[in-house]
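# Geometric and topological summary
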Amino acid sequence: RYEPTWGSLDARPLPAWFDEAKFGVFIHWGVFSVPSFGSEWFWWYWQKEKREPYVKFMDANYPPGFSYEDFGPLFTAEFFDPNQWADILKASGAKYVVLTSKHHEGFTLWGSKYSWNWNAVDVGPKRDLVAELATSVRNRTDLHFGLYHSLFEWFNPLFLEDATNAFNTSKFPTSKSLPELYEIVTKYQPEIIWSDGDGDAPDTYWNSTGFLAWLYNDSPVRDTVVTNDRWGAGSICAHGGFYTCSDRYNPGRLLPHKWENCMTIDRGSWGYRRDARLRDYLPIEDLVKQLVETVSCGGNLLMNIGPTHDGRIAVVFEERLRQVGSWLQVNGEAIYGTKPWRAQNDTVTPGVWYTFTPKEEKVNAIFLNWPVSGILELGEPQAKPGETQVKLAGYRELLKWVALGEKGMVIALPQLTPQQMPCQWGWTLQLTDVD
């Protein structure tokens, strides 16, 4: 059994499914999806920091005295079709999904008995959004279902009181935050608990180790659940399950501990923004590059979308997810279930990243630029004449190659028209019998 200490909890092996999955989808959805302006931090920027664009937006579009709570009934979700969401998630090739059960605004997407009149069953949709998505994902896909949960809440009076007391009192975690965590685990049995937002309070204030000990020892998901590293000030990149270290974390090198790169398709926000421009959305080439770099360095990619207040996944997000899925249909063997190779990227040709498939002892060289010459030089693999075979994923015939001394090889790519290409944004060479 695990003790409620970091020493004991950090020794728990990460359930194998998480490392094998490689790719997940993050969904930021909540009351912030109603103004859908600027950022999911709308309430904070408007009321606390009084940032000019937010203040002007409210003055121009809402009556005097309109409060953030007044957005609650406008969070309507009338177009929310959990089956459609599940089908898009499946088509993306993702192996897990993480939904914001509660962001820093404190509004829960389930009918929490600890969030009276500030939840999706009492206000707005009058639906248990967490339950509906969990059911559809489990019935229609093989994705693992996970939940994001913010420890703190910006304007909760109990949290503000504890903060005033330098966190020597713990009214907020004992009456709100912790009961919610136990509630979502018992009720929805998520296989990921993605914790966030410590409000600068230490893990002792949140009793994070006590909760995690229960989660790993006695909860209904104790054998399969994975957790991140955001459990109080000082725990990020140091304690917990997989490390996230910071938003959009992509170190570009192999790390000794399992990590995740959580990033957004919309560069400017995690929640939906009506004021986003096309240039704000990452193109598919950038998303494939992020995925390949992350996986080759031992990480998972968690790619975020923000649905609308009425429950739609905007077509630009759907298109990106389906594009990633079509790329993975061709190149998935170089991603799912792989391990990092001895080299992460090539020493001679930039934009070439390596993964290793242990079952078949294959080295995958994923190259992001198709050379104009039709010749690809790799500086890392040590080929064996007469034994090494080179295959292009999605193309039937073996490719011709020449070894370059002790290390490196030159590969002749097939001459293909754009229509004949197995995919459009990055290609995989599968090398067998190389050192």
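Note that this is a predicted model, so its numbers are computed, not measured.

## Topic: the nonpolar core
In terms of nonpolar packing, the biggest core is built from 125 residues, with Ile27, Trp327, Leu378, Ile411 and Leu429 touching the most fellow members. Inspection of this core shows a minimum of three residues originating in each of domain 1 (6–334) and domain 2 (339–432). Core analysis: the second largest hydrophobic core is formed by 14 residues, Phe26, Val226, Trp270 and Leu302 among them.

## Let's talk about the sheet that holds strand β14 (residues 427–432)
For sheets, the rule is that strands pair by backbone hydrogen bonds, running either parallel or antiparallel. Strand order in the open sheet formed by four strands is β8-β9-β14-β11, with antiparallel pairing between adjacent strands. Unpaired on one side and paired on the other, β8 (352–357) and β11 (389–392) mark the two borders of the sheet. Here the average twist between neighbouring strands, direction ignored, is 25°. As paired elements, β8 and strand β9 (residues 362–367) share six bridges and run antiparallel to each other. Looking at β9, one finds that Thr357 is bridged to Lys362. Of the strands in this sheet, β8 and β9 are in contact with helix α11 (residues 284–296), which crosses β8 at around 55°.

## Here's the deal with the UniProt feature "domain: Glycoside hydrolase family 29 N-terminal" (unreviewed entry) in the protein
Under the present numbering, the feature "domain: Glycoside hydrolase family 29 N-terminal" (unreviewed entry) in UniProt falls on residues 1–333. Counted over residues 1–333, helix gives 36% and strand 12%. Its end C-alpha atoms are 36 Å apart.

## What about helix α10 (residues 208–217)?
Burial analysis of α10 places nine of its 10 residues in the buried class, which makes it a mostly covered element. Those residues of α10 not exposed but buried are Ser208, Thr209, Gly210, Phe211, Leu212, Ala213, Leu215, Tyr216 and Asn217. Taken together, the buried residues of α10 touch α1 (6–9), α8 (171–188), β4 (192–196), α9 (203–206) and β5 (226–227).

So, how was this worked out
- The numbers attached to residues start from 1 for each chain and follow its sequence in the written order.
- Predicted model: local features are reported for residues with pLDDT of at least 70 only, side-chain atom pairs are reported and counted for 80 or more only, and whole-chain, interface and lining totals are derived from all residues.
- Where side-chain values are given, they derive from all heavy atoms of the structure, hydrogens and water being excluded.
- By convention a nonpolar core is built from buried Ala, Val, Leu, Ile, Met, Phe, Trp, Tyr and Cys residues, the set being connected through side-chain atoms within 4.5 Å.
- Burial classes follow relative accessibility: with a 1.4 Å probe on protein chains only, a residue under 20% of its type's maximum area counts as buried, one over 50% as exposed, and anything between as partly exposed.
- The start and end points of each domain follow an automatic or database-based domain assignment.
- Two strands pair if DSSP finds at least two bridges between them.
- A helix here means a DSSP run of H or I that spans at least four residues, while a strand means a run of E at least two residues long, and both kinds are numbered starting from the N terminus.
- An axis is simply a line fitted to the C-alpha atoms; with a helix, the fit covers only the stretch in contact. Between two such axes, the angle follows the N-to-C directions and lies from 0 to 180 degrees.
- What makes two residues a contact is simply this: any of their non-hydrogen atoms within 4.5 Å.
- UniProt positions are given in the numbering used here, feature names are shortened, and annotations may be inferred rather than shown by experiment.

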